[in-house]
Amino acid sequence: MEEKIPTHVGIILDGNGRWATSRGLKRSEGHKEGFETLKILAKYILKKGVKILSVFAFSTENFKRSKEEVDYLMNLFIKGFKGSISEFNSNNIKVVFSGRKEPLSDDVWNAMKEMEDGTKDNTGGILNICLNYGGRAEIVDTTKKLINKVINNEISIEDITEETIEKNLYHDLPPIDLLIRTSGEVRVSNFMLYQMAYAEMYFPDTYFPDFKESEFDKALLYYNSRDRRFGGIKK
Ligand code: IPE
Ligand code: IPE
Ligand code: MG
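Cut-offs used in this document
Counting from 1, residues in each chain are numbered in the order their sequence is written. Chains and ligands are labelled by the order in which they are written, letters from A for the one and numbers from 1 for the other. Where local features are concerned, this predicted model is filtered to residues with pLDDT of at least 70; where side-chain atom pairs are given and counted, the filter is 80 or more; whole-chain, interface and lining totals use all residues. Hydrogens and waters are ignored; side-chain quantities use all the structure's heavy atoms. The helix count covers DSSP runs of H or I at least four residues long, the strand count covers runs of E at least two residues long, and both are numbered beginning at the N terminus. Take the residue count of a helix, subtract one, and multiply by 1.5 Å to get its expected span. Each residue's exposure class comes from its accessible area (1.4 Å probe, protein chains only) as a fraction of the maximum for that residue type: buried when under 20%, exposed when over 50%, partly exposed otherwise. Here a residue-residue contact requires only that any non-hydrogen atoms of the pair lie within 4.5 Å. It suffices for a single heavy atom of a residue to lie within 4 Å of a molecule or strand for the residue to be listed as near it. For the purposes of these results, a polar contact is taken to be a pair of N or O atoms within 3.5 Å, where, inside protein, one atom must be able to donate a hydrogen and its partner to accept one; residues adjacent in sequence count only when each atom of the pair is a side-chain atom. To measure how exposed things are, a 1.4 Å probe is used in the Shrake-Rupley method; for residues, cover is taken only from the protein chains shown. All amino acids are sorted into three groups, where Ala, Val, Leu, Ile, Met, Phe, Trp, Tyr, Cys and Pro are nonpolar, Asp, Glu, Lys and Arg are charged, and the leftover types, Gly among them, are polar. Aromatic rings from Phe, Tyr and Trp, with only the six-membered ring used for Trp, were paired whenever their centres fell within 6.5 Å, and each pair was classed as stacked if the ring planes differed by under 30 degrees, edge-to-face if by over 60, and tilted otherwise. Residues belong to a common nonpolar core when they are buried Ala, Val, Leu, Ile, Met, Phe, Trp, Tyr or Cys residues joined through side-chain atoms within 4.5 Å. At least two bridges found by DSSP between two strands is the condition for calling them paired. Helix axes are fitted to C-alpha atoms over the stretch in contact, other axes to C-alpha atoms as well, and angles between N-to-C directions run from 0 to 180 degrees. Note on angle classes: values under 35 degrees are labelled roughly parallel, values over 145 roughly antiparallel, values of 65 to 115 roughly perpendicular, and the remainder oblique. Helix crossings fall into two classes, left-handed where the near helix is turned counterclockwise from the far one by less than a right angle and right-handed where it is turned clockwise.

A. Representation of helix α7 (residues 213-225) within the structure. With 13 residues, α7 ought to run about 18 Å at 1.5 Å a step, and its terminal C-alpha atoms sit 19 Å apart, in line with that. Those residues of α7 that sit buried are Glu215, Phe216, Ala219, Leu220, Tyr223 and Asn224. Looking at the buried side of α7, the elements it contacts are β1 (8-12), α2 (27-47), β5 (178-181) and β6 (200-202).

Laid out in structure tokens, this is it:
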């Protein structure tokens, strides 16, 4: 049977800290390695024919971590984004971000905008990086956006359907077909709640920095073994 390629893959990239501590390294080393893995994976997954890869890089709740860890991550984002625009361009990958501005610093925000601007014309797949992102926050922000459209007479209440909600999320993207969370945790931790309603879910034990090409191939095999019914009856 022909291999089915999901249109939209979501990855909750977890286990950077444990990857590092299990090697006697500082947690920050795990984040650095995780960023390298992300670039390798994005290239591989989008070349396979997946149209959109959404990754959870930093949650709204991750600000609860130590200042040292949060600062490290923010600097990694600034340097990492600026330093990889040309790499994403040579792989024809368009990068977009999902998440709230506050309380990100202008330096982080500007690096995100530079990345979006610098890759906006690429056509070889979308990498959606969820940064300062929360699934509940996205639903709140979408609700406010839609209420504003009603107040401004751009749409009526009757126009609010599942489709209009989907179109007014941070980005107008199709639902997630395959959700992967690395590191053995079996929870969604506030990632793309609306988009994952019918996602197939795969929870490998591998820590994210070790989740390379062959690990994704295993996820794809798993996906292909599933029978997606969407509430219907098995044929
Ligand atoms: C995922 O790895 C990256 C972020 C959440 C920023 P973690 O940092 O959560 O790693 P563990 O779960 O502590 O091992
Ligand atoms: C989820 O990982 C968020 C990201 C991967 C960015 P966490 O490590 O923050 O999640 P919990 O705390 O284990 O649920
Ligand atoms: Mg974690």
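That was the structure; now back to the text.
B. Here's a closer look at the site of ligand 1. What surrounds ligand 1 is a group of 13 residues, the closest being Leu13, Asp14, Gly17, Arg18 and Arg65. Within the backbone of Arg18, one N or O atom sits 2.7 Å away from an oxygen atom of ligand 1. Taking Arg27, its side chain carries an N or O atom lying 3.0 Å from an oxygen atom of ligand 1. Notes on ligand 1: free accessible area 380 Å², of which the protein chains cover 89%. Taken together, the elements giving at least two residues each to the shell around ligand 1 come down to α1 (16-21), α2 and α3 (67-90). Per-element tally for the shell around ligand 1: the top contributor is α1, with three residues. The residue makeup of the shell around ligand 1, split by class, is three nonpolar, five polar and five charged.

C. Quick look at the environment of Ile12. With respect to the helices and strands, the residue Ile12 is situated in strand β1. Residues Ile12 and Glu185, spaced 173 residues apart in sequence, show a C-alpha to C-alpha distance of 9.9 Å. Sequence-distant contacts of Ile12, defined by excluding residues within four places in its chain, comprise Phe56, Leu179, Ile180, Arg181, Thr182, Arg187, Val188 and Phe191.

D. Representation of the packing of aromatic side chains. Summed over the entire model, instances satisfying the criterion amount to eleven aromatic pairs. Ring geometry for Phe56 and Tyr133: centres 5.7 Å apart, planes at 85°, overall edge-to-face. In this pair, Phe56 is assigned in strand β2 (residues 52-59) and Tyr133 in strand β4 (residues 126-133), connecting sequence segments 77 residues apart. Assessed through its relative accessible area of 6%, Phe56 is described here as buried. The class of Tyr133 is buried, set by a relative accessible area of 0%. Grouping aromatic residues by their ring pairs yields a cluster made of Phe35, Phe58, Phe63, Phe77, Phe81 and Phe97.

E. Region of the structure containing the site of ligand 2. Lining the immediate environment of ligand 2, one finds Ile12, Leu13, Asp14, Phe56, Ala57, Phe58, Ser59, Asn62, Arg65, Arg181, Arg187 and Ser189. Residue Arg187 places a side-chain N or O atom 2.8 Å away from an oxygen atom belonging to ligand 2. Taken together, the residues that form the shell around ligand 2 break down as five nonpolar, three polar and four charged.

F. Spatial organisation of the nonpolar core. Among the nonpolar cores identified, the biggest contains 43 residues, and Ile11, Leu53, Phe81, Leu127, Ile180 and Phe216 are the most heavily contacted of them. Top contributing element to this core by residue count: α3, with nine residues. If sequence neighbours within four positions are ignored, Phe81 has contacts with Phe35, Leu76, Phe97, Ala111, Met112, Met115, Ile129 and Leu131. Counting ten residues, the second-largest nonpolar core is a separate cluster that includes Cys130, Met192, Met196 and Ala199.

G. Region of interest: the sheet that holds strand β3 (residues 94-98). Judged by pairing direction, the sheet is parallel, and its six strands sit side by side in the order β3-β4-β2-β1-β5-β6 without closing on themselves. Looking along the sheet, the strands with just one partner apiece sit at the ends: β3 and β6. In this sheet, adjacent strand axes meet at a mean angle of 20° when their direction is disregarded. Two strands pair when backbone bridges link them, and β1 and β2 are joined in this way by five bridges, in the parallel orientation. In the strand pairing of β2, Val9 is matched with Leu53. The strands touched by α2 within the sheet are β1, β2 and β4, with β2 carrying the most contacts at an inclination of about 160°.

H. How the structure looks around the packing of α2 against α7. Contact pair α2 / α7: the axes reach a minimum separation of 10 Å and the direction vectors enclose 45°. With respect to each other, α2 and α7 are oriented oblique. In this structure, α2 crosses over α7, and the sense of that crossing is right-handed. Along its contact with α2, which presents Ile40, Leu41, Tyr44 and Ile45, the element α7 presents Glu213, Phe216 and Asp217. Along the lines of polarity and charge, the residues of the contact of α2 with α7 split into five nonpolar, no polar and two charged.

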